[in-house]
Amino acid sequence: MTSDRAPADYEDLIRLIHDRHGQMSKTYQKISLYLTQNPNDVAVLSVNAIAEHCGIHASSFVRFAQSLGYSGFKELQALFQKRLSTAAPGFEARVKALDAELLASGDGSDATFLRDLVVRDIASLQDLVTAIDPADLARAAELLHMADVIYLVGQLRSAPVVELLRYILTMLGKRCILLDSGGGLATHVGRTMRQGDVLLAVSFRFYANEVVSIVDEAAKTGIPVVAVSDSTLSPLAKSASVLFPVPEHDYSFSRSLAAPMCLAQALALSVAARVQTDDADPRIPTVTGP
């Protein structure tokens, strides 16, 4: 699998990776996933550091780049560096500051775990600001606002995100149905979706099979899908009307939900601004508050 002419810019490279992803070997798919999920890291880390993160030998990255028409990985990496220099100035400084913070706090105490999580979450939230397309946010909010019924699905560690959205959207007066996996009825309830409804799906690695299946089936019947996942190579991507790829940073114990939860709040606020008359200062009602 080789390319006669290597892509000359980042966007064309990502497009080529998407086109070929289904035909790639498992190793190359894993490399593709890392490249698309962590473009800023790819720009600033050495190939050996990237390979260590992926658990793949550095030589595989060189061969991957060559299969796309590049002379080696450095030539491919240059596209990520060019993107970073124009799209996210100051990121490299933030990475160095983050590394310094973690090094300074690495005393092995319990408080180190808290500090580590907080510092990494700050970096994830900063990335979220530049990663989310405002037009996608507006389109998703409009779909949710106009929906007759909003169906929500998310399992495993994605479940808290859809639970939060069900609570907020219900308080805003939207009719919501959570496709709960309890009782084994999620797929069957999902088949009750009708034209005018919207499916909001959340799934991260390792993607829950039932969620992927429900999303695929909904898209085939013409139901708009708003998806939150961790990559543009996610199995939800091909069926999504709007996809929010929220890259994840590795954690020693588990991956944080700070960025997905923040995105969920932003979506809910955008819907609130459309539902309420004072759209300049939307408020999300609470059960216990006025």
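This is a predicted model, so every value here is computed, not measured.

Conventions and cut-offs
- Residues numbered from 1 in each chain as written.
- Predicted model: local features only at pLDDT ≥ 70, side-chain atom pairs only at ≥ 80, totals over all residues.
- Heavy atoms only, no water.
- Helix = DSSP H or I, 4+ residues; strand = E, 2+ residues; numbered from the N terminus.
- Buried < 20%, exposed > 50% of the residue type's maximum accessible area, 1.4 Å probe, protein only.
- Contact = heavy atoms within 4.5 Å.
- Areas by Shrake-Rupley, 256 points an atom, 1.4 Å probe, with all protein chains shown as cover.
- Expected span 1.5 Å × (residues − 1).
- Phe/Tyr/Trp six-rings, centres within 6.5 Å; stacked < 30°, edge-to-face > 60°.
- Axes fitted to C-alpha atoms, helices over the stretch in contact; angles between N-to-C directions.
- Parallel < 35°, antiparallel > 145°, perpendicular 65-115°, else oblique.
- Left-handed = near helix turned anticlockwise from the far one by under 90°.
- Nonpolar A, V, L, I, M, F, W, Y, C, P; charged D, E, K, R; others polar.
- pLDDT = per-residue confidence, 0-100.
- Pairing = 2+ DSSP bridges.

Draft legend 1. Local environment of the overall build of the protein chain. Secondary structure summary: the protein chain contains 13 helices and five strands in total. Per-residue burial for the protein chain yields a buried fraction of 44% across its 290 residues. Nonlocal contacts in the protein chain, meaning residues at least 24 apart in sequence, comprise 66% of its contacts between residues at least 6 apart. Accessible surface, the protein chain: about 14,800 Å² in total, of which carbon and sulfur atoms supply 56%.

Draft legend 2. Examining helix α8 (residues 110-131) more closely. The end-to-end C-alpha distance of α8, which contains 22 residues, comes to 32 Å, matching closely the 32 Å that a straight helix rising 1.5 Å per residue would cover. Looking only at α8, the buried set comprises T112, V119, D121, A123, S124, D127 and L128.

Draft legend 3. Up close: the packing of aromatic side chains. Using the criterion set out here, one finds three aromatic pairs in the structure. Relative to F64, the ring of Y28 lies with its centre 5.3 Å away and its plane at 90°, an arrangement referred to as edge-to-face. Of this pair, Y28 sits in helix α2 (residues 26-37) while F64 sits in helix α5 (residues 58-67), and the two are 36 residues apart along the sequence. You can call Y28 buried: its relative accessible area is 16%.

Draft legend 4. Seen up close, the packing of helix α10 (residues 159-171) against helix α13 (residues 258-275). Between α10 and α13, the least distance of the axes is 10 Å, while the angle of their chain directions is 20°. Compared by their axis directions, α10 and α13 come out roughly parallel. Helix-helix and strand crossings are classified by hand; for α10 and α13 the assignment is right-handed. Here α10 contributes P160, V161, L164, L165, I168 and L169 to the contact with α13, which in turn contributes P260, M261, A264, Q265, A268 and V271. When the residues that make up the contact of α10 with α13 are grouped by side-chain class, the tally is eleven nonpolar, one polar and no charged.

Draft legend 5. Expanded view of the confidence of the model for the protein chain. Model confidence for the protein chain is summarised by a mean pLDDT of 85, while 86% of its residues fall at 70 or above. When mean pLDDT is compared element by element in the protein chain, strand β1 (residues 150-153) scores highest at 98, while helix α7 (residues 91-105) scores lowest at 58.

Draft legend 6. Main features of the environment of A227. Position of A227 among the secondary structure elements: in strand β4 (residues 225-229). Overall, the relative accessible area of 0% leaves A227 in the buried class. In this structure, A227 is in contact with A201, L236, A240, V242, L243 and F244, ignoring residues within four places of it in sequence.

Draft legend 7. Here's a closer look at the sheet that holds strand β2 (residues 176-178). Spatially, the five strands line up as an open sheet ordered β2-β1-β3-β4-β5, and their pairing is parallel. Taken across any chain shown, the strands that pair with only one partner, and hence form the sheet edges, are β2 and β5 (242-245). Ignoring which end each strand starts from, the neighbouring axes of this sheet average 15° apart. Pairing between β4 and β5: four bridges, direction parallel. The partner of A227 across the bridge, within β5, is L243. Contacts from helix α9 (residues 134-146) reach β1, β3 (198-202), β4 and β5, with the element oriented near 125° to β5.

Draft legend 8. Structural detail: the packing of α2 against α5. In contact at an axis separation of 10 Å, α2 and α5 are set at 85° when each is read in the N-to-C sense. Here α2 lies roughly perpendicular to α5, going by the angle between them. Of α5, the residues touching α2 (which contributes T27, Y28, I31, S32 and L35) are S60, F61, R63, F64 and S67. In terms of residue class, the contact of α2 with α5 is made up of five nonpolar, four polar and one charged.

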